[in-house]
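Close look at the chain arrangement
One letter stands for each residue in the lines below.
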Amino acid sequence: MSSMVKDETAPSARPRLPGMPVHVGVIMDGNGRWAARRGLPRIEGHRRGVEALRETVRAAIGFGLSYLTVYSFSMENWNRPVEEVADLMGLLKRFIRDDLNDLDKSGVKVKVIGARDNLKADIRALLEEAENLTKANTRLTLIVAFNYGSRQEIAAAARSLAQQAAAGLIEASDIDETLLARHLDTAGIPDPDLIIRTSGEQRLSNFLMWQAAYSEFVFLPMHWPDFDRQAFSAALAEFSARERRFGGVTGQYRNGKLLAGVTKT
Ligand code: FPP
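In short, a report on the structure.

The rules behind the values
Residues numbered from 1 in each chain as written. Predicted model: local features only at pLDDT ≥ 70, side-chain atom pairs only at ≥ 80, totals over all residues. Heavy atoms only, no water. Helix = DSSP H or I, 4+ residues; strand = E, 2+ residues; numbered from the N terminus. Buried < 20%, exposed > 50% of the residue type's maximum accessible area, 1.4 Å probe, protein only. Contact = heavy atoms within 4.5 Å. Areas by Shrake-Rupley, 256 points an atom, 1.4 Å probe, with all protein chains shown as cover. Pairing = 2+ DSSP bridges. Axes fitted to C-alpha atoms, helices over the stretch in contact; angles between N-to-C directions. Salt bridge = Lys/Arg side-chain N within 4 Å of Asp/Glu carboxyl O. Expected span 1.5 Å × (residues − 1). Arc of directions from axis to C-beta. Near = heavy atom within 4 Å. Polar contact = N/O pair within 3.5 Å; in protein donor to acceptor, adjacent residues only side chain to side chain. Core = buried A, V, L, I, M, F, W, Y, C linked by side-chain atoms within 4.5 Å. Parallel < 35°, antiparallel > 145°, perpendicular 65-115°, else oblique. Left-handed = near helix turned anticlockwise from the far one by under 90°. Nonpolar A, V, L, I, M, F, W, Y, C, P; charged D, E, K, R; others polar.

1. As for the overall build of the chain
Helix and strand content of the chain: seven helices and eight strands. The burial tally for the chain puts 45% of its 265 residues in the buried class. Considering only intrachain contacts with a sequence separation of at least 6, the fraction spanning at least 24 residues in the chain is 76%. Element-wise, carbon and sulfur atoms account for 51% of the exposed surface of the chain, whose accessible area totals about 13,400 Å².

Structure representation (structure tokens):
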């Protein structure tokens, strides 16, 4: 089994090249179809998917990205056959057990988004261990969306704000985009600049729906186990060639920032 890049020097964030995204989200789709095409069981597709994930994390470090969010298990994935759900849980456990130390040495901070309450205690403990061990790292934040659903995340934020309003801690009129965003699992994390989805499907499937309001999308025909550094690099090149206007007009933004001296009118 391959391992993450080792680096003993407590690496920190690298300067980012102009035109590169800060945060990339990835919908790792097509493991089952990859396996079916080869006459293999679906779990083999997921296993190869973990290999592709390892390569993607290594590549993200090399590209100097600051945040990488991967959709590894959606709330809707519980509807899969019980054996496949068990396989995916097993792969997550193995991924953390096998890769956590190397991720840590590579300067990766692991953060998990999604609901924890209906997860088994051993998985919850592993997720917490991964977050605690790596919390001081600064080179790349790897956000693992596990048991995650964007609608559920937004509903939970609304519920929490309603409870605070009912308790008199805030006024209903205090609730705006900024306050709501602070109650999402992704609080403090910049919105994804780019979302990549493999397997030819062109939808968001309940992934970062609030956060993706102004994301660019790159849809790739390849299945996730075939995704590699080269495919990642091509997706980044496509991103850097796009002009992001954030609802404004041509020329107002560079690298996601409103240019000085340019006003939105
Ligand atoms: C989509 O392929 C992929 C998933 C539902 C799971 C993604 C999981 C991994 C890449 C490996 C596990 C991740 C971790 C962090 C351990 P699909 O099964 O929907 O493929 P299909 O649409 O072709 O059936």
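2. A short note on the sheet that holds strand β1 (residues 23-27)
Across the sheet, which stays open at both edges, the six strands sit in the order β3-β4-β2-β1-β5-β6 with parallel pairing between neighbours. Either end of the sheet is taken by a strand with one partner, and the two such strands are β3 (108-113) and β6 (216-219). Mean inter-strand twist for the sheet, computed between neighbouring axes without regard to direction, equals 20°. In this structure, β1 lies alongside strand β5 (residues 194-197), joined through four bridges in parallel fashion.

3. A word on the pattern of salt bridges
What the rule picks out here adds up to 13 salt bridges. Between Glu84 and Arg42 there is a salt bridge, and its shortest N-O distance comes to 2.7 Å. Separated by 42 residues along the polypeptide, Glu84 in helix α3 (residues 82-105) and Arg42 in helix α2 (residues 42-63) bring together distant segments of the chain. Classification of Glu84 by relative accessible area gives buried; the value is 8%. Measuring nitrogen to oxygen at the nearest pair gives 2.8 Å for the salt bridge that ties Lys93 to Asp122.

4. Some words on helix α7 (residues 229-241)
For α7, built from 13 residues, the straight-helix expectation of 18 Å at 1.5 Å per residue is met to within 8% by its first-to-last C-alpha distance of 18 Å. Regarding α7, the residues found buried are Ala231, Phe232, Ala235, Leu236 and Phe239. Around the axis of α7, the buried residues are gathered within 140° of arc, so they sit on the same side. Exposed side chains of α7 directed beyond 90 degrees from the buried face belong to Gln230 and Ala241. Along its buried surface, α7 packs onto β1, α2, β2 (67-74), β5 and β6.

5. Side note on the site of the ligand
In the vicinity of the ligand there are 18 residues, among which Met28, Gly32, Arg33, Arg42 and Arg80 approach most closely. At a separation of 3.2 Å, an oxygen atom of the ligand approaches a polar backbone atom of Asn31. Within the side chain of Arg80, one N or O atom sits 2.7 Å away from an oxygen atom of the ligand. Only α1 (31-37), α2 and α3 provide two or more residues apiece to the shell around the ligand. Looking at the shell around the ligand, the element that brings in the most residues is α2, giving five residues.

6. Comments concerning unusual backbone geometry
In this structure, Ser199 takes a positive phi of about 85° despite not being glycine. When you line up the elements, Ser199 lands in the loop between β5 and β6. Of note, the phi angle at Leu208 is positive, near 45°, even though the residue is not glycine. Relative to the elements of secondary structure, Leu208 occurs in the loop between β5 and β6.

7. Things to note about the nonpolar core
Core analysis: the biggest nonpolar cluster contains 49 residues, and Val24, Val57, Leu68, Phe146 and Phe232 have the highest contact counts within it. Tyr148, Ile189, Ile195 and Leu208 belong to the second-largest nonpolar core, a separate cluster that totals 13 residues.

8. Quick look at helix α4 (residues 121-134)
Given a rise of 1.5 Å per residue, 14 residues ought to cover 20 Å, and the 20 Å separating the end C-alpha atoms of α4 matches this to within 8%. Taken together, the buried positions of α4 are occupied by Ile123, Leu126, Leu127, Ala130, Glu131 and Thr134. Down the axis of α4, the sector holding all buried residues measures 130°, keeping them to one side. Among the structural elements, α3, β3 and β4 (140-148) are those in contact with the buried residues of α4.

9. Concerning the packing of α2 against α3
Between α2 and α3, the least distance of the axes is 11 Å, while the angle of their chain directions is 25°. As judged from the angle between their axes, α2 and α3 are roughly parallel. Considering the relative orientation of α2 and α3, their crossing is right-handed. Between α2 and α3, the contacting residues are Arg42, Ile43, His46, Arg47, Val50, Leu53, Arg54 and Val57 on the first element and Glu84, Asp87, Leu88, Leu91, Arg94, Phe95, Asp98, Asp99 and Leu103 on the second. Per-class residue counts for the contact of α2 with α3 are eight nonpolar, one polar and eight charged.

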